[in-house]
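Descriptive structure summary
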Amino acid sequence: MELRDTDRALVQAATAVAKLRCRSRHHTVASAARTADGRVFTGVNVQHSTGGACAELVAIGTAATQGVTELETIVTVADRGREVSEPCGDCRQVLADCFPALRVITGELDALRVVEIGALTG
């Protein structure tokens, strides 16, 4: 799928959160998710010795607190501008179960692309 201007803005939103909030070993990844009507919800991961919560799940939980039941697109970025990351296997399953038509922004920073959640492998 083609990358839209709104997708680029979503990457910028996640990157801004990563730069602002991912400054410790507990928070190293940020996600931004957008609804079809353009609302954006962000989250950061919470790492802990017992595991933790991924940024994607924090972002969808934040959206849920505002009554959102459908998300259109999500992106995850690593701190310090390292990369755009795909959701881990567990997050991929949750996202696919809850939002089967979800668009995921992925790829190298200079060659981003959009795929449906079900098309991700690995």
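Only a predicted model underlies this, so the values are computations on that prediction, with no experimental measurement involved.

**A closer look at helix α1 (residues 5-21)**
With 17 residues, α1 should reach 24 Å at 1.5 Å per residue; the first-to-last C-alpha distance of 24 Å fits that figure. Listing the buried residues of α1 in full gives Asp 7, Leu 10, Val 11, Ala 14, Val 17 and Ala 18. Taken end-on, α1 shows its buried residues confined to a sector of 125 degrees, consistent with a single buried face. What points out from α1, more than 90 degrees from its buried face, is the exposed set Asp 5, Gln 12 and Lys 19. Of the surrounding elements, those touching the buried residues of α1 are β1 (29-34), β2 (40-44), β5 (73-78), β7 (103-106) and β8 (113-116).

**Focus on the nonpolar core**
The biggest cluster of nonpolar side chains holds 16 residues, and the ones touching the most others in it are Ala 30, Val 75, Val 77, Ile 105 and Leu 112. Leu 112 has contacts with Leu 3, Val 11, Val 84, Ile 105, Thr 106 and Gly 107, leaving out every residue within four places of it along the chain. Membership of the second largest hydrophobic core comes to 14 residues, among which are Ile 74, Leu 102, Val 115 and Leu 120.

**Considering the pattern of salt bridges**
When their charged atoms lie close together, side chains carrying opposite charge are able to pair. This structure, assessed with the given rule, holds seven salt bridges. Taking the shortest distance from any N to any O, the salt bridge between Arg 8 and Asp 5 comes out at 3.3 Å. With a gap of three residues between them, Arg 8 and Asp 5 both fall in helix α1, about one helical turn apart. Between Asp 7 and Arg 103 there is a salt bridge, with its nearest N and O atoms 2.9 Å apart.

**Brief notes about the environment of Leu 57**
Relative to the helices and strands, Leu 57 resides in helix α2 (residues 55-65). By relative accessible area, which is 32% here, Leu 57 ends up partly exposed. With 26 residues separating them in the primary sequence, Leu 57 and Ser 31 have C-alpha atoms 8.8 Å apart. With residues near it in sequence (within four places) discarded, Leu 57 still touches Cys 91 and Val 94.

About the criteria used
- Residues numbered from 1 in each chain as written.
- Predicted model: local features only at pLDDT ≥ 70, side-chain atom pairs only at ≥ 80, totals over all residues.
- Heavy atoms only, no water.
- Helix = DSSP H or I, 4+ residues; strand = E, 2+ residues; numbered from the N terminus.
- Expected span 1.5 Å × (residues − 1).
- Buried < 20%, exposed > 50% of the residue type's maximum accessible area, 1.4 Å probe, protein only.
- Arc of directions from axis to C-beta.
- Contact = heavy atoms within 4.5 Å.
- Core = buried A, V, L, I, M, F, W, Y, C linked by side-chain atoms within 4.5 Å.
- Salt bridge = Lys/Arg side-chain N within 4 Å of Asp/Glu carboxyl O.

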